[in-house]
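In case you want the letters, here they are:
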Amino acid sequence: MPRPVRHLALLVSLVLAGLTTGCSGDTEPSAAPPSAPQRPATVTYGVPADVVTMVLPTTGRQSRATQGLDAFGKLAAARAFSRCAGVRGEQPPDGRPPMFTRFADLPDLDYLRAHGFGGAVLVPGATPTGPSASVSPPTPRTLERCGTEARVVTRELRDIYMPLQSEWFARVARLRSDPKVNRAYRSFSACLARNDVDAADERAFFALADQRLQAADPAGTRRLSTVYVTCMKPVEDVREPLRKVLGRRFRATHRSDIATVRVRLPSKLRELETRYGIRFPVPRLQAPPPRARPVTGASTVPSHPFASGTHPGGPNR
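Residues numbered from 1 in each chain as written. Predicted model: local features only at pLDDT ≥ 70, side-chain atom pairs only at ≥ 80, totals over all residues. Heavy atoms only, no water.

## A few points about the nonpolar core
- Core analysis: the largest hydrophobic core is formed by 42 residues, its most contacted members being Met54, Leu56, Tyr161, Leu265, Leu269 and Phe280.
- Only α2 (51–55), α3 (63–86), α5 (140–174), α8 (218–253) and α9 (255–276) provide two or more residues apiece to this core.
- A total of nine residues in this core trace back to one element, the largest contributor, which is α5.
- Beyond its immediate chain neighbours, meaning those up to four positions away, Leu269 contacts Val47, Met54, Leu69, Phe72, Leu157 and Phe280.
- Counting residues in hydrophobic clusters, the runner-up holds 24 residues, among them Leu112, Ala184, Leu224 and Met232. (Core = buried A, V, L, I, M, F, W, Y, C linked by side-chain atoms within 4.5 Å. Buried < 20%, exposed > 50% of the residue type's maximum accessible area, 1.4 Å probe, protein only. Helix = DSSP H or I, 4+ residues; strand = E, 2+ residues; numbered from the N terminus. Contact = heavy atoms within 4.5 Å.)

This is the structure we're talking about:
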């Protein structure tokens, strides 16, 4: 019956969402409304050689591999759930497919410039296939049992790296209280105002972007993406060198935990690839970032000493 299936679909979606969250810090708007057509992101397959940087990124570009790690865990959990239900002759109803999650404290401005908010976030190989007439929807008992199996898969992967990564992300988030970053964020808010964006700060901006995504307003979303890249660039010019220094210090004080990640994580990822027939995906640009139409940004009206990008240390992309 339609009503129970919709309920089960929501429940499965919530179960899998609960299995696959865990990174600290805010995330950028990324999900298109359920009715909007979604195309898989363009990806590069393969476990990155440098798994430590994948777990402890310091730049937006490095966070693409971090997004891949998060998405891989989601995909493995979804496959575990589906396989568990399949052996019982049942099929999970369509839920929200795994998506790449971007991190607000590590904005990938090149990727946003090319794809915008809500663009290229669906994990390849995760597109729902739709219900089959030959199998039944899952019973509550199957939901419970298969949800447990999927949680076990999530834990066996995340227990290797998540404690270390969560501590690192907490350190990165605290950079917002650095006086230099605070000054840069004041320029961000002023830049939004100059571009007629009704948002007092980044959190309000993300709420506005999410509204445009849910309203299926591609033109409005694209404009907000362009404004965000322009206004965030001076903030990142200040914040990236600070993250680079912080990253060196963090690695120096966490050598033992890092050594464990370096040894255990690659073998676990390859084991899960084999077990579930999946591949490790890293989102990549589909094309070089296009030249965006100029918007009024902090680079034209510098609001802090480093707005021109001539700060000490330079960018660390």
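## Concerning helix α6 (residues 179–194)
- Taking 1.5 Å per residue, 16 residues should reach 22 Å; α6 reaches 23 Å between its end C-alpha atoms and fits that length.
- Val181, Ala184, Tyr185, Ser187, Phe188, Cys191 and Leu192 are the residues of α6 that are buried. Seen along its axis, α6 keeps its buried residues to an arc of 155 degrees; they face one direction. The outward face of α6, more than 90 degrees from its buried face, is lined by the exposed residues Pro179, Arg186 and Ala193.
- Close packing links the buried residues of α6 with α7 (202–214) and α8.
- The N-cap of α6, judged by a side-chain oxygen 2.8 Å from the amide nitrogen of Lys180 a few residues on, is Asp178.
- Backbone geometry just after α6 places Asp196 at a positive phi near 60 degrees. (Expected span 1.5 Å × (residues − 1). Arc of directions from axis to C-beta. Polar contact = N/O pair within 3.5 Å; in protein donor to acceptor, adjacent residues only side chain to side chain.)

## Section: unusual backbone geometry
- The residue Asp196 is not glycine, and still its phi comes out positive at about 60 degrees.
- Assignment of secondary structure puts Asp196 in the loop between α6 and α7.
- By relative accessible area, which is 70% here, Asp196 ends up exposed.
- At Ala216, a position not held by glycine, the phi torsion is positive, near 55 degrees.
- As for its position among the elements, Ala216 is in the loop between α7 and α8.
- Taking relative accessible area as the criterion, Ala216 reaches 49% and is therefore assigned partly exposed.

## Concerning the packing of aromatic side chains
- In total, this model carries twelve aromatic pairs according to the counting rule given.
- Connected via pairs of aromatic rings, a cluster forms that spans Phe117, Tyr185, Phe188, Phe205, Phe206 and Tyr228.
- Here Arg279 stacks its cationic end above the ring of Tyr45, 3.6 Å away from the centre of that ring. (Phe/Tyr/Trp six-rings, centres within 6.5 Å; stacked < 30°, edge-to-face > 60°. Lys NZ or Arg CZ within 6 Å of the ring centre and 35° of its normal.)

## A word on the state of the cysteines
- Tallying each qualifying case throughout the model produces two disulfides.
- The disulfide bridge from Cys84 ends at Cys146, spanning 2.1 Å between sulfur atoms. Handedness of the Cys84-Cys146 disulfide follows from its S-S torsion of about -80 degrees: it is left-handed. Remark: Cys146 occurs in helix α5 and Cys84 occurs in helix α3; sequence separation between them is 62 residues. Note on accessibility: Cys84 and Cys146 belong to one class, buried.
- Bridging Cys191 to Cys231, the disulfide has an S-S length of 2.0 Å. Since a negative S-S torsion denotes a left-handed disulfide, the Cys191-Cys231 link at about -70 degrees is left-handed. Of the two residues, Cys191 is situated in helix α6 and Cys231 in helix α8; the sequence distance between them amounts to 40 residues. Grouping residues by exposure puts Cys191 and Cys231 together as buried. (Disulfide = S-S within 2.5 Å.)

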